[in-house]
Structures are given as C-alpha cells and as structure tokens.
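Understanding the architecture of this molecule
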Amino acid sequence: RWLMFTAMCGGWIIQTLGLMMRGMATKGCPLGNTFELLNFIVWSCILVYLVIGPTFRLSLLGFFTAGLSATLSIVALIPPGWDSTHRVGIFGDNPWIEFHAALALFSYGVFGLLALTSVMYLLQDHYLKQKRRPAMFGYLPSIVQLDTTNVRLLAFGVGILTVSLLVGGHYFRQDPSRVNVLKLGATISVWAAYLIVLVLRLRARLLTKRFAWVCAVLFLIALASLGP
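Below: a short report on this structure. Each chain has its residues counted from 1, running along the sequence as written. It should be noted that, the model being predicted, local features are given only for residues of pLDDT at least 70 and side-chain atom pairs only at 80 or more, the latter also being counted only at that level, while totals for whole chains, interfaces and linings use all residues. To get the side-chain values, take all heavy atoms of the structure and skip hydrogens and water.

1. Concerning the packing of helix α1 (residues 2-26) against helix α3 (residues 61-77)
To keep it simple, the criterion reads: Structural elements are reduced to axes, namely lines fitted to C-alpha atoms, with helices fitted over the stretch in contact, and the angle between N-to-C directions of any two is expressed from 0 to 180 degrees. By the criteria applied, helices consist of DSSP H or I runs no shorter than four residues and strands consist of E runs no shorter than two, each listed in order from the N terminus. For this classification, under 35 degrees means roughly parallel, over 145 means roughly antiparallel, 65 to 115 means roughly perpendicular, and everything else is oblique. In this scheme the handedness of a crossing depends on how the near helix is turned from the far one: anticlockwise by less than a right angle means left-handed, clockwise means right-handed. Whether two residues touch is decided by their heavy atoms; if any such pair falls within 4.5 Å, the residues are in contact. Only Asp, Glu, Lys and Arg are considered charged, only Ala, Val, Leu, Ile, Met, Phe, Trp, Tyr, Cys and Pro nonpolar, and every remaining residue, Gly among them, polar.
Between α1 and α3, the least distance of the axes is 10 Å, while the angle of their chain directions is 30°. Classified by the angle their axes make, α1 and α3 are roughly parallel. Remark: the crossing between α1 and α3 carries left-handed chirality. Contact with α1, carried on its side by Met-4, Met-8 and Gln-15, involves Gly-62, Phe-63, Thr-65, Ala-66 and Ser-73 of α3 and no other residues of that element. Looking at side-chain class alone, the contact of α1 with α3 contains four nonpolar, four polar and no charged residues.

2. Remarks on helix α4 (residues 95-130)
Where we set the bar: Between the first and last residue of a helix there are one fewer steps than residues, each counted as 1.5 Å, and that sum is the expected span. Per-residue accessibility, obtained with a 1.4 Å probe over protein chains only, is compared with the maximum for each type, and a residue is labelled buried under 20%, exposed over 50%, and partly exposed between these values.
Helix length check: α4, at 36 residues, gives a terminal C-alpha distance of 53 Å against a target of 52 Å (1.5 Å per residue), a fit within 8%. A large share of α4 lies buried, amounting to 26 of its 36 residues.

3. Some words on the pattern of salt bridges
Quick note on the threshold: Whenever Lys or Arg places a side-chain nitrogen within 4 Å of a carboxyl oxygen from Asp or Glu, that contact is recorded as a salt bridge.
Counted according to the given criterion, the structure contains four salt bridges. Here Arg-22 and Asp-83 are joined by a salt bridge, their closest N and O atoms 3.0 Å apart. Within this pair, whereas Arg-22 is found in helix α1, its partner Asp-83 is found in the loop between α3 and α4, the two being separated by 61 residues in sequence. Among the ionic pairs, Lys-129 bridges to Asp-125, the shortest N-O distance being 3.5 Å. Residue Lys-129 and its partner Asp-125 are located together in helix α4, separated by four residues, close to a single helical turn.

4. Side note on a nonpolar patch on the surface
What counts is decided by this rule: Within this analysis, patches are made of residues with over 30% relative accessible area and no salt bridge. Like charges are joined at 9 Å or less; nonpolar side chains (Val, Leu, Ile, Met, Phe, Trp, Tyr) at 5 Å or less. In short, Shrake-Rupley with a 1.4 Å probe defines the accessible areas, and a residue's cover is counted only from the protein chains shown.
A contiguous nonpolar patch, built from Ile-13, Leu-17 and Met-20 and spanning about 290 Å² of accessible area, is present on the exposed surface. Within the secondary structure, Met-20 is located in helix α1.

5. A word on α3
Cut-off, in case you're wondering: Taking the helix axis as origin, the arc is that swept by the directions to the C-beta atoms.
Taking 1.5 Å per residue, 17 residues should reach 24 Å; α3 reaches 24 Å between its end C-alpha atoms and fits that length. Three or more residues of α3 are buried, namely Leu-61, Gly-62, Phe-64, Thr-65, Leu-68, Ser-69, Leu-72 and Ala-76. Buried residues of α3, viewed axially, fall in a sector of 165°; they line one side. In α3, those exposed residues whose orientation departs by more than 90 degrees from the buried face are Ile-74 and Leu-77.

Here it is, written out as structure tokens:
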C-alpha cells in the first residue's frame, strides 16, 4: 500500500509541475483546450484520492485511480487537435471567472473518483452474489463502506460544482456578453443530473447497484460534456 501511495504522490507532483509550466506559458489556469481539461481532471482525481484514500483505507482505490489517470492522460495525447494553440490569458483579467472554471473541473475529478468507487461497489456486489472469492476480492472494501464513500463523494462533488456555478453566475451577470450559452448549459445539465441523483439517494429512491451504475455512467456523460 505504501509503495502505491508513494508512486501516486510522485506522479501527482510531476503532473503538478507540468500544469504549472503550462499555466505560466498561458498566463492562467491551464484549461484552454481538451488536452489541458483532461489533464486537470486527472490531477484533481489523484489529489482527491491522496486525501481520502488513506483516510477511508480504501484498498485497491489507488490501483483503479492509477488506471483511470493513465488512460485519460494517454487518450489526451493521441489526437493532435486536442492540444491546439489557444490565446494567452483566456480568462482575461478576471480571477473569479478563472476560479469558477477551475472549481468546475475539480468537481469533475471528484466525480471521476466517484465513478471508480462505484465500479468497485459493482465488483464487490457481483462477487458476493456469485459466491466466488478471486484473489482481488480480499482487497476490496466492504460493500457498506463503498456505499458510504459514494454518497460522500457525490455530495462533495455537487457542493463544489454548486459553488463554482454561484461564483460564475455572479460575475457573468455583470457582463452577460461573456457567457457561452452552450458551455453554461452543458455545465448546468451535469450539475442538475448529479444533484437529482444525490436527492434520490438521500430519499432512498435510488439505492445499491442502480445508484452505482448511474454514478459510473454519469461520469462518462460529464466527460462528453467537455466538448461544448
């Protein structure tokens, strides 16, 4: 476990330096193209893991997080157009709009980790019902612990995205001409979807496997919303 955690910390530090260098070159938070967006989500996902992994003692979460991070990082490198040149200072002189964008992408990192713990829940549920005990079974957290973690991650992600929309909405109201309707609509749609899932879960209307499946699929939809 300590070796996995050390390796994740090392990779996260290197990625942080890379994002800092890109930010210095673009004079702002590196969120100007698809390549930067995906890498910022990966960075956020690993950061959340480094905080909650040891806290909740979620065995195998580091393995799943490393797999997701490596996959998204490699995918981001493949299409040349995804790292297209963009103008310096894409947020202008307004640090609050930059803060709004960074918070929104950070919440996507939280939702990415939620998708991973949801997949772990589905695996644990499958093994329990099949009454099979593969080697990996012993390293998976209990199904109760995974469900509790899923709810907390969902609430955390929704909370961060809510703050992001409030900050952005306040400053966009002062200058409506800067609002990209398609981008704002996509972000609000993702926020509304996760909020509905959270409400349904707290009211015990969406439970167990269905809850886990929805959280996993919603992250794919959230990634697709990065297009707008």
